Amino acid sequence: MPRTRTRTRTRTRTRALDELDYKVLLRLQTNGRESNAEIARNLAVSEGTIRRRIKRLIDDDVIRVTAVPNPWKVGFEAVALIGLQVELDKIDQIAERLASMKEVHFVALTTGSYDIFIWVMVPSAEDLSNFIKTKLASTVGVTRSETFINLEIKKRTFGWLS
């Protein structure tokens, strides 16, 4: 029997982004620590303009300023992508439960063979095994999982506007 899902999602954006917004975003993607003054100089606008633009981008949930550590360099030796098939009438509750788990760093509802993908980072293979056997196995509505251990990450970027 084919697996089908009918869902509607609304994504709202309070304001349209203009050319200056995109230029600021591109600069921050290149160097998230670049000062407002430096961005302003490079874009030939005032520092106040940049400060207000960045504040608006943050307030409108367009960007989030954060550090993105390399998992292996901060003690996470077991990194895995896990595909999940779930009872579709429980998909949102399952996704929220997974998102609340400290081991889970990414949750995406998807199309295809898996309904949800999660990215899990834990200190050891033993910790990954315990996560799968206890937390994941006890999640009501998960019907199947497949774990893909990350051996190495060749590209890790969040800058896709260029």
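Above this text sits the structure in question.
Quick caveat, the model's predicted, so the values are computed rather than measured.

Conventions adopted
Residues numbered from 1 in each chain as written. Predicted model: local features only at pLDDT ≥ 70, side-chain atom pairs only at ≥ 80, totals over all residues. Heavy atoms only, no water. Phe/Tyr/Trp six-rings, centres within 6.5 Å; stacked < 30°, edge-to-face > 60°. Buried < 20%, exposed > 50% of the residue type's maximum accessible area, 1.4 Å probe, protein only. Axes fitted to C-alpha atoms, helices over the stretch in contact; angles between N-to-C directions. Helix = DSSP H or I, 4+ residues; strand = E, 2+ residues; numbered from the N terminus. Parallel < 35°, antiparallel > 145°, perpendicular 65-115°, else oblique. Left-handed = near helix turned anticlockwise from the far one by under 90°. Contact = heavy atoms within 4.5 Å. Nonpolar A, V, L, I, M, F, W, Y, C, P; charged D, E, K, R; others polar. Pairing = 2+ DSSP bridges.

Okay, the packing of aromatic side chains next. Going through the model one piece at a time under the given rule, you end up with one aromatic pair. Ring geometry for Tyr-114 versus Phe-117: centroids 5.5 Å apart, planes at 65°, classification edge-to-face. According to the relative accessible area criterion, Tyr-114 is buried, its value standing at 9%. Taking relative accessible area as the criterion, Phe-117 reaches 21% and is therefore assigned partly exposed.

Moving on to the packing of helix H1 (residues 19-30) against helix H2 (residues 36-43). For the pair H1 and H2, the least separation of the axes is 11 Å and the interaxial angle reads 125°. Between H1 and H2, the angle falls in the class oblique. The two elements H1 and H2 cross, and the hand of that crossing is right-handed. Contact with H1, carried on its side by Leu-20, Lys-23, Val-24, Arg-27 and Leu-28, involves Ile-39, Asn-42 and Leu-43 of H2 and no other residues of that element. The residue inventory of the contact of H1 with H2, partitioned by class, reads five nonpolar, one polar and two charged.

Take Leu-28: it is sitting in helix H1. Judged by its relative accessible area of 16%, Leu-28 is buried. Between the C-alpha atom of Leu-28 and that of Ile-39, which follows or precedes it by 11 residues, the distance is 8.6 Å. Excluding its chain neighbours within four sequence positions, the residues that come into contact with Leu-28 are Ile-39, Ile-54 and Ile-63.

This part takes up the sheet that holds strand E1 (residues 78-86). Note on sheets: strands pair through backbone hydrogen bonds, and any given pair is parallel or antiparallel. Overall, antiparallel pairing links the four strands, which are arranged E2-E3-E1-E4 in an open sheet. The strands lining the two open edges of the sheet, one partner per strand, are strand E2 (104-109) and strand E4 (142-149). Strand-to-strand twist across the sheet, computed as the mean angle between neighbouring axes with direction ignored, equals 20°. In the sheet, E1 pairs with strand E3 (residues 116-122) via seven bridges, with the strands oriented antiparallel.

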